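An overview of the molecular structure
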Amino acid sequence: MQHWLLKSEPDCFSIDALRKAKKQTTCWDGVRNYQARNFLRAMKVGDRAFFYHSSCDPPAVVGVVEIVREAYPDSSAWNPDDDHFDPKASPENPVWSMVDVKLVEVFPRPVPLGELRSVKALADLELLRRGSRLSVHPVTAAEFRTIQQLGCG
DNA sequence: GCCAACGTTGGC
DNA sequence: GCCAACGTTGGC
């Protein structure tokens, strides 16, 4: 099983919105970066991912989700009314992919970015790399355990 | 709101 | 293929 981290701006889609969603499941659409897309395509059903709130105060890992459907075409890319519309994409040439994720747990104690930075075991975490902007990226099993323990208090 | 870092675009 | 200009991300 692989582990991942997924970023979302809570103003756009928060873990609370996922908690309230039908079946506590959502499609993770709107990724428009090739490297992030390729990670989406590498995901397998049963993989676990952190849900990270970015561009908010404080930025934090707020919970865990499970991949419940592997990559399929992101139809929002060819919807001109969508914020992430991409004229390159079409049903014949989807370009972008999404997966479905289901809520596993909302952390009783969100783990803020500043705290992650203070943990030695997380020194190599992609999220903490200088200038890192990747909205989807892998996390090692050890990093996953460490962060999950912090989130459970 | 600022700005550093990054990715993409497009002229050459 | 280079690289400058531009747009975006995201922490602060």
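Everything that follows concerns the structure shown earlier in this document.
Presented here is a report on the structure given in the accompanying data block.

What about the protein's contact with DNA strand B?
Within the structure, DNA strand B sits among Asn 33, Tyr 34, Lys 88, Arg 130, Gly 131 and Arg 133. At 2.5 Å from a base oxygen of DNA strand B is found a side-chain nitrogen or oxygen belonging to Arg 133. Taken together, the residues of the surface near DNA strand B sort by class into 1 nonpolar, 2 polar and 3 charged.

A few points about the nonpolar core
Leu 6 and Met 43 are the most contacted members of the largest nonpolar core, which totals 20 residues. For this core, the elements supplying multiple residues, two or more each, are β1 (3-8), α1 (15-20), α2 (34-42), β3 (48-53), β4 (60-73) and β5 (97-112). Here the element with the most residues in this core is β4; it accounts for 4 residues. Not counting the four nearest positions on each side in its chain, Leu 6 is found in contact with Trp 28, Leu 40, Met 43, Ala 49, Phe 50, Phe 51, Tyr 52, Val 65, Val 101, Ser 135 and Val 136. Core analysis: the next-biggest nonpolar cluster, separate from the first, contains 18 residues, Phe 50, Val 119, Leu 127 and Phe 144 among them.

Things to note about the packing of aromatic side chains
The tally for this structure, following the rule as stated, stands at 7 aromatic pairs. An aromatic cluster of three or more residues is present, and its members are Phe 13, Trp 28 and Phe 51. Positioned above the aromatic ring of Tyr 72 is the side chain of Arg 69, whose terminal nitrogen or guanidinium carbon lies 3.4 Å from the ring centre.

A closer look at the pairing of β5
Here 3 bridges tie strand β2 (residues 25-27) to β5, and the two strands are oriented antiparallel to one another. Looking across to β5, one finds that Thr 25 is bridged to Lys 102. Direction of pairing for β4 relative to β5: antiparallel, over a ladder of 10 bridges. Following the sheet pairing, Gly 63 is matched in β5 by Val 106.

What about the pattern of salt bridges?
A complete count under the given rule lists 7 salt bridges for this structure. The network of salt bridges with shared partners includes Asp 16, Arg 19 and Lys 20.

Overview of the layout of surface pockets
The calculated volume of the largest pocket comes to roughly 590 Å³. Looking at the lining of the largest pocket, the elements that each hand over two or more residues are β1 and β2. Split by residue class, the lining of the largest pocket holds 6 nonpolar, 8 polar and 5 charged.

Focus on the protein's contact with DNA strand C
Neighbouring DNA strand C are Lys 7, Tyr 52, Ser 54, Ser 55, Pro 59, Leu 113, Arg 117 and Arg 133. Tyr 52 has a polar side-chain atom sitting 2.6 Å from a phosphate oxygen of DNA strand C. One of the side-chain nitrogen or oxygen atoms of Arg 133 is found 2.6 Å away from a base oxygen of DNA strand C. Residue classes in the surface near DNA strand C are distributed as 3 nonpolar, 2 polar and 3 charged.

Focus on unusual backbone geometry
A cis amide bond links Asp 57 to the next residue, Pro 58, at an omega of -5°. Among the secondary structure elements, Pro 58 is positioned in the loop between β3 and β4. With a phi close to 60°, Lys 23 is a non-glycine residue in the positive phi region. Mapped onto the secondary structure, Lys 23 falls in the loop between α1 and β2. Given a relative accessible area of 65%, Lys 23 falls into the exposed group. At Val 95, a position not held by glycine, the phi torsion is positive, near 65°.

Reading the values: the criteria
Residues numbered from 1 in each chain as written. Chains lettered and ligands numbered in written order. Predicted model: local features only at pLDDT ≥ 70, side-chain atom pairs only at ≥ 80, totals over all residues. Heavy atoms only, no water. Near = heavy atom within 4 Å. Polar contact = N/O pair within 3.5 Å; in protein donor to acceptor, adjacent residues only side chain to side chain. Nonpolar A, V, L, I, M, F, W, Y, C, P; charged D, E, K, R; others polar. Core = buried A, V, L, I, M, F, W, Y, C linked by side-chain atoms within 4.5 Å. Buried < 20%, exposed > 50% of the residue type's maximum accessible area, 1.4 Å probe, protein only. Helix = DSSP H or I, 4+ residues; strand = E, 2+ residues; numbered from the N terminus. Contact = heavy atoms within 4.5 Å. Phe/Tyr/Trp six-rings, centres within 6.5 Å; stacked < 30°, edge-to-face > 60°. Lys NZ or Arg CZ within 6 Å of the ring centre and 35° of its normal. Pairing = 2+ DSSP bridges. Salt bridge = Lys/Arg side-chain N within 4 Å of Asp/Glu carboxyl O. 1 Å grid on protein atoms, 1.4 Å probe; cavity = no way out; pocket = protein on both sides within 12 Å on 5 of 7 lines; lining within 4 Å. Points joined across faces, edges and corners; volume = space filled by probe spheres on them.

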